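A closer look at the structure
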Amino acid sequence: MRMPYWASALALAALCAAAPPGKVALPSGGSVSYSSAGSQTRLEIRAKGGRKYEVRVERDATVAPDTSPDQVQVVAEIAGKTLILTDGYPSIPLGMQYCQAGEEQFLRVITLAGGRASETLHLKLASCRDNLELADPGFEWNREADSLRIHWLAGPEKKGASEERTIHIGSSGKPD
Amino acid sequence: MNFNKPGSNSIVTVPAAGAWPSVAFETDASGPHSWNWTIQWGSFQKSGTAQTAGNTWDAQDAIANCGGTLTVNVTAGKDSGSIKVKIQGANPSASDAQAYLASKPGSDGFDKIIQHESKFRHFTAQGEPVKSFDNGYGMCQLTTPIPAFEQVWNWQQNIEGGLALFATKRAAAIQYLSQNGRPYTEDQVRYEAVCRWNGGSYHVWDSKANRWVRNPNILCDSKTGNIGWDMTDSANTGKSEAELRQRDSGSYSKRPANAHWKYFGVCYADAILG
């Protein structure tokens, strides 16, 4: 079944409503806690059965070190195998308040395998500093095909041009 | 060897109009001269050599669009000499800067940003380019990409550097507003571009009215430049601007992680464009 991003986001928002700051619930029943670790973001994944994973992911130079994510959203989950999430941060502003109210957002594919979590893909999704912007809706998760379609109004490939990309998650839990 | 002109440590001021003046050198020697020059201001530096058949040289072209301390070492046969000259700048009037901006396509709205942020001031009282705490130079406070020496000293080139950044926001504004063939006005492009300069989009699509409208969920603190509240946040819903300001203004100087206020480009555009 194809589920538009806004619908999954609404469903997840309801799931996450009770979660404390720095923590989001997983559709399968676990949770993801997040915090800053220097210039990285530390994700602690607690699976439904209680198993814990930790992974540190990189941001880029448009995000200030020691800044915790403003928001983390779970885009999709293949229980016990893959987690797709986004993390957003305030932009580092330039002079004349350029991007002072801006945001930088990343997409991560986290693969759970062999008792550990690892980031197997990351993409810049939206950025005030780099002029990247998602369309509305920006994602479409196809649960049956294990694939995520991303639609940018201004994508990373060609400056300022709309772009679409599909990420398929293979049987290993990693993007093909 | 002595310099007949200019005087040592003399000051040359670039006029407000921005055309670099003649900086004439003359020695009391004769014959071919070799002029080695360096102009430096802070971390910016430019050097070169000029050869002349006689004892005069005009540095006007060599140092065009640059300022600071100009050091000239000259040799003529076995004679040599050295001299330093200060190059300073004078601020353009706001109307001159606005007229320059108006001559550039796609600048609509950027004049308001410069007016708001730097009041078109490019030079300090000492005739040096203004420099912000985060190494932003000139009236457009250029930081990244690191500006060239010429963009730091020539206010017109400084404006062009700022305008190049603004152009990306204006292009994004048009792309956003024109998506799915939706209609938009020039006024909406101006608000959208200025908003995006600060961050985020100004308009949302009202499908019932079939037009773009200002994001109705953002309430701005009209006493600040770009602070506001997302009124869909349950902590803010139903409260007035005055109530929210009273609750939050104590934390405006350093935003706590759990704050219910944010910086909004929408509020920035409202504050700047009215």
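Residues numbered from 1 in each chain as written. Chains lettered and ligands numbered in written order. Predicted model: local features only at pLDDT ≥ 70, side-chain atom pairs only at ≥ 80, totals over all residues.

What about the overall build of chain B?
- Helix and strand content of chain B: 7 helices and 13 strands.
- With respect to the three principal axes, the spread of C-alpha positions in chain B is 85 × 45 × 25 Å.
- Across chain B, the fraction of contacts at a sequence separation of at least 24, relative to all contacts at a separation of at least 6, is 58%. (Helix = DSSP H or I, 4+ residues; strand = E, 2+ residues; numbered from the N terminus. Contact = placed C-beta atoms within 7 Å.)

Re the domain arrangement of chain B
Residue and element names in this part refer to chain B.
- Partitioning chain B into domains gives domain 1 (3-89), domain 2 (91-198) and domain 3 (217-274).
- Taking only C-alpha atoms into account, the centre of domain 1 sits 32 Å from that of domain 2.
- Each partner contributes residues to the interface: domain 1 has 11 residues there, and domain 2 has 17 residues.
- Put simply, the parts of the chain that give the side of domain 1 that touches domain 2 at least two residues each are β5 (44-52) and β8 (79-89).
- For the side of domain 1 that touches domain 2, the residue count by class is 4 nonpolar, 6 polar and 1 charged. (Domains from an automatic or database assignment. Nonpolar A, V, L, I, M, F, W, Y, C, P; charged D, E, K, R; others polar.)

A closer look at the environment of Gly127(B)
- With respect to the helices and strands, Gly127(B) occurs in the loop between α2 (110-117) and α3 (149-153).
- In this view, Gly127(B) contacts Thr13(B), Gln88(B), Gly89(B) and Ala90(B); residues no more than four positions away in its chain are not counted.

Observations regarding the confidence of the model for chain A
Residue and element names in this part refer to chain A.
- Residue-level pLDDT values for chain A average 87, and 88% of them are 70 or greater.
- Strand β8 (residues 103-113) holds the highest mean pLDDT among the elements of chain A, 97, whereas helix α1 (residues 5-16) holds the lowest, 40.
- Confidence over residues 1-20 falls short of pLDDT 50; this stretch has 27 contacts with residues more than four positions distant or in other chains. (pLDDT = per-residue confidence, 0-100.)

Some points on the packing of helix α1 (residues 94-102) of chain B against helix α4 (residues 155-177) of chain B
All names here are of chain B.
- One way to put it is that α1 packs onto α4 with a least axis distance of 11 Å and a crossing angle of 50°. With respect to their mutual orientation, α1 and α4 come out oblique. Seen along the crossing, α1 lies across α4 with a hand that is right-handed. Contacts between α1 and α4 pair Ala97, Tyr100 and Leu101 from the former with Trp155, Gln156 and Ile159 from the latter. (Axes fitted to C-alpha atoms, helices over the stretch in contact; angles between N-to-C directions. Parallel < 35°, antiparallel > 145°, perpendicular 65-115°, else oblique. Left-handed = near helix turned anticlockwise from the far one by under 90°.)

Some details on the sheet that holds strand β13 (residues 261-263) of chain B
Residues and elements named next belong to chain B.
- One open sheet holds the 3 strands; their spatial order is β11-β12-β13, and the pairing between them is antiparallel. What marks the edges here is a single partner per strand, and that holds for β11 (218-220) and β13. The mean inter-strand angle of the sheet, taken between neighbouring strand axes irrespective of direction, is 40°.
- Relative to strand β12 (residues 227-230), β11 is paired through 3 bridges, and the arrangement is antiparallel. Within β12, the position partnered with cysteine 220 by the bridge is glycine 228.
- With respect to the sheet, helix α7 (residues 265-273) is in contact with β11 and β12, its orientation differing from that of β11 by roughly 45°. (Pairing = 2+ DSSP bridges.)

Section: the pairing of strand β3 (residues 31-37) of chain A
All names here are of chain A.
- Across 3 bridges, the pairing between strand β2 (residues 23-25) and β3 is antiparallel. Residue pairing in the sheet places lysine 23 in a bridge with serine 33 of β3.
- The loop that links β2 with its antiparallel partner β3 comprises 5 residues; one of these, glycine 29, has a positive phi angle of about 115°.
- Inspection of the sheet shows β3 paired to strand β4 (residues 40-46) by 7 bridges, in the antiparallel sense. The partner of serine 36 across the bridge, within β4, is threonine 41.
- In sequence, β3 turns back onto β4 through a hairpin of 2 residues, with glycine 38 there showing a positive phi of about 65°.

Considering the interface of chain B and chain A
- Across the contact, 29 residues belong to chain B and 19 residues belong to chain A.
- Within the residue set of the side of chain B that touches chain A, elements represented by two or more residues are α2, α4, α5 (186-198) and α7 of chain B.
- Take the side of chain B that touches chain A: its biggest share by element is 6 residues, from α4(B).
- Here the residues of the side of chain B that touches chain A are counted per class, giving 12 nonpolar, 15 polar and 2 charged.

A look at the sheet that holds strand β5 (residues 52-58) of chain A
All names here are of chain A.
- Strand order in this open sheet of 4 strands is β2-β3-β4-β5, and the pairing throughout is antiparallel. A strand with exactly one partner marks an edge of an open sheet, and here the two such strands are β2 and β5. Taking the axes of each pair of neighbouring strands and ignoring which way they run, one obtains an average angle of 20° across the sheet.

Focus on the nonpolar core
- With 102 residues, the main nonpolar core has Val32(A), Ile63(B), Val194(B) and Tyr268(B) as its most contacted residues.
- Looking at which element gives the most residues to this core, the answer is α4(B), with 8 residues.
- Apart from the residues within four sequence positions on either side, Tyr268(B) is in contact with Gln97(A), Ala101(A), Val194(B), Cys195(B), Asn198(B), Gly225(B) and Asn226(B). (Core = buried A, V, L, I, M, F, W, Y, C linked by C-beta atoms within 7 Å. Buried ≥ 20, exposed ≤ 12 C-beta atoms within 10 Å, placed from the backbone.)

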